[in-house]
Amino acid sequence: MMFDFSDLPVVDCHAHPFMPSREKKVYGRRYILSSDRFMKVPEEDVRNTLAYRMILIELARLLHLDPTSSDEEIIKTRNELAAKDYKAYVEMLFHDANIVSYLNETGFPIQGARLRADESAAFESATENIDVREIIRCEMTCNHIVADADHRLSFPEFMDLYRSNIASRIKNGNVIALKTVIGYFSGLEILDPDEGEAASSFDEHYYASEKNLPMSRIRAAQKPFRDYMVHECVRLCDEFGIPLQIHTGAGDPPSCDLRLMHPGLLYEFLNREDTGRIRIALLHGGYPFAEEMCFMVNGYANVVTDVSSMTADDSIAVERVFPVLLEKVPLTKIMYGSDGAGDVDPIWFAAVNFKKVMARVFSNLVDRDVITHAYGEKAARMILSENAKRFYGL
Ligand SMILES: [Zn+2]
């Protein structure tokens, strides 16, 4: 092997909180997206994804176990270690992968119960010695403002609360970006509704009496409000000089409708003067639409992408998809991320495995006279940490 990037420092530019109470009860269950709501996913399927096979091999190495140990033995050793001292376990993983900064999108989970105070505290204590920065999720902030209000909010009242909530968190905390997951709810074709349309859509979304509407009706009713809020994010990003992250590509079902997740749907949104003035990260390499992503990033000076999600969850995909992104994306505009959440192990695994993948990919590029060895060394540092430091102002 021509390169070894295992010691290089890593900025994880998009991930979420993790804590023991949000770990999947069955190890590796996160690698299967299906819920159990209509038919239970067999454990046999969980044990037979490549993502599961890969992380167990890496765990055996980390825990000094024989790689031929049984799945149960590796998981048991891991669980005992994490239960004994969770913080020490987290620090061992971050040290092994040399993750130096963690850009934490706090809007987790997208579905299910909101994090309790003790769960947030568990995350904070486990990461006490790690450089953690916050990314604020627009949609979760909206939901919390409405849920926490002691009366029915008018739209102007809501907007005042929203702006002051975000502004005070930026001023008082370590917020480095805003984020939207609008694709999950009404798709990435973000239009430009006026305030009146947004106000009635807001009422319909949060206070409608009829709840059992078909999904298509719900999405259509929410859309003007959701689109309006993303434009509000653009205004706030401009005001505070921070970037906007936009989820693109695959996500958790049943909310995620892949037909609405193509990066190319952002055409009208990106072709505006106001969006063109702020820095925008289209997340997850757009996977499974990476070729489309190449042209969105290459075509707009203010747009970058990352490899998060596929690194943690999609087994060998990153080995195939990362080179696709390299076909057209300047290497200054692609960064490493994991998109891990709940379970800490995939956050560590994603970084360790991506370093090996990048070493193989770059070795191949050197063999083909695409890059020199010296450029490969430099580009690895850019992608693992330096691009993120510059883009997010760390
Ligand atoms: Zn995420």
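In this report, the structure presented in the accompanying data block is examined. On a predicted model such as this, the values are computed, not experimentally measured, just so you know. (Residues numbered from 1 in each chain as written. Predicted model: local features only at pLDDT ≥ 70, side-chain atom pairs only at ≥ 80, totals over all residues. Heavy atoms only, no water.)

Some words on the nonpolar core
In a soluble, globular protein the nonpolar side chains are often hidden away together inside.
Then, number 1: Among the nonpolar cores identified, the biggest contains 116 residues, and Phe 158, Tyr 162, Leu 244, Phe 269, Phe 322 and Phe 362 are the most heavily contacted of them.
Then, number 2: With 14 residues, helix α16 (residues 345–367) is the largest single contributor of residues to this core.
Then, number 3: If we ignore the near neighbours within four places in the chain, the residues touching Phe 269 are Ile 190, Val 230, His 231, Val 234, Leu 244, Ile 246, Thr 275 and Ile 280.
Then, number 4: Grouped together as the second largest cluster of nonpolar side chains are 13 residues, Cys 13, Ile 135, Val 304 and Ala 388 included. (Core = buried A, V, L, I, M, F, W, Y, C linked by side-chain atoms within 4.5 Å. Buried < 20%, exposed > 50% of the residue type's maximum accessible area, 1.4 Å probe, protein only. Helix = DSSP H or I, 4+ residues; strand = E, 2+ residues; numbered from the N terminus. Contact = heavy atoms within 4.5 Å.)

Focus: the environment of Cys 294
Then, number 1: With respect to the helices, strands and loops of the structure, Cys 294 is situated in helix α13 (residues 290–299).
Then, number 2: Residue class for Cys 294 comes out buried when judged on its relative accessible area of 2%.
Then, number 3: Distance in space between the C-alpha atoms of Cys 294 and Thr 305 is 8.8 Å, their sequence separation being 11 residues.
Then, number 4: Each residue touching Cys 294, except ones within four places of it in the same chain, is listed here: Val 324, Leu 325, Lys 328 and Val 329.

Overview of the environment of Phe 108
Then, number 1: In this fold, Phe 108 is placed in the loop between β2 (99–105) and α5 (117–126).
Then, number 2: For Phe 108 and Asn 98, which are 10 residues apart along the polypeptide, the C-alpha to C-alpha distance reads 24 Å.
Then, number 3: Beyond its immediate stretch of four places on either side in the chain, Phe 108 contacts His 16, Pro 17, Arg 22, Leu 115, Arg 137, Met 140, Ala 341 and Gly 342.

Digging into the packing of aromatic side chains
Then, number 1: One pass over the full model with this rule turns up 24 aromatic pairs.
Then, number 2: Ring centres of Tyr 336 and Phe 354 lie 5.5 Å apart, and the angle between their planes is 35°; on these two criteria the pair is classed as tilted. Taken together, the residues span a long stretch of sequence, with Tyr 336 in the loop between β8 (334–335) and α16 and Phe 354 in helix α16 at a distance of 18 residues.
Then, number 3: On the accessibility criterion, Tyr 336 (1% relative accessible area) is buried.
Then, number 4: What makes Phe 354 buried here is its relative accessible area of 0%.
Then, number 5: Within the aromatic cluster, the residues linked to one another by ring pairs are Phe 155, Phe 158, Tyr 162, Phe 202, Tyr 206, Tyr 207, Phe 225 and Tyr 228.
Then, number 6: Sitting over the face of the ring of Phe 185, Arg 226 holds its NZ or CZ atom 4.1 Å from the ring centroid.
Then, number 7: Positioned above the aromatic ring of Phe 391, the side-chain terminus of Arg 279 is 5.7 Å from the ring centre. (Phe/Tyr/Trp six-rings, centres within 6.5 Å; stacked < 30°, edge-to-face > 60°. Lys NZ or Arg CZ within 6 Å of the ring centre and 35° of its normal.)

Describing the packing of helix α6 (residues 138–148) against helix α10 (residues 215–240)
Then, number 1: Contact geometry of α6 with α10 gives a least axis separation of 10 Å together with a crossing angle of 110°. Taken as axis vectors, α6 and α10 run roughly perpendicular relative to one another. Seen from above, α6 lies across α10 with right-handed handedness. Between α6 and α10, the contacting residues are Cys 138, Glu 139 and Cys 142 on the first element and Phe 225, Arg 226, Met 229 and Cys 233 on the second.
Then, number 2: Residues of the contact of α6 with α10, tallied by class, amount to five nonpolar, no polar and two charged. (Axes fitted to C-alpha atoms, helices over the stretch in contact; angles between N-to-C directions. Parallel < 35°, antiparallel > 145°, perpendicular 65-115°, else oblique. Left-handed = near helix turned anticlockwise from the far one by under 90°. Nonpolar A, V, L, I, M, F, W, Y, C, P; charged D, E, K, R; others polar.)

Interpretation note: all reported values are geometric properties and have no functional meaning in isolation.
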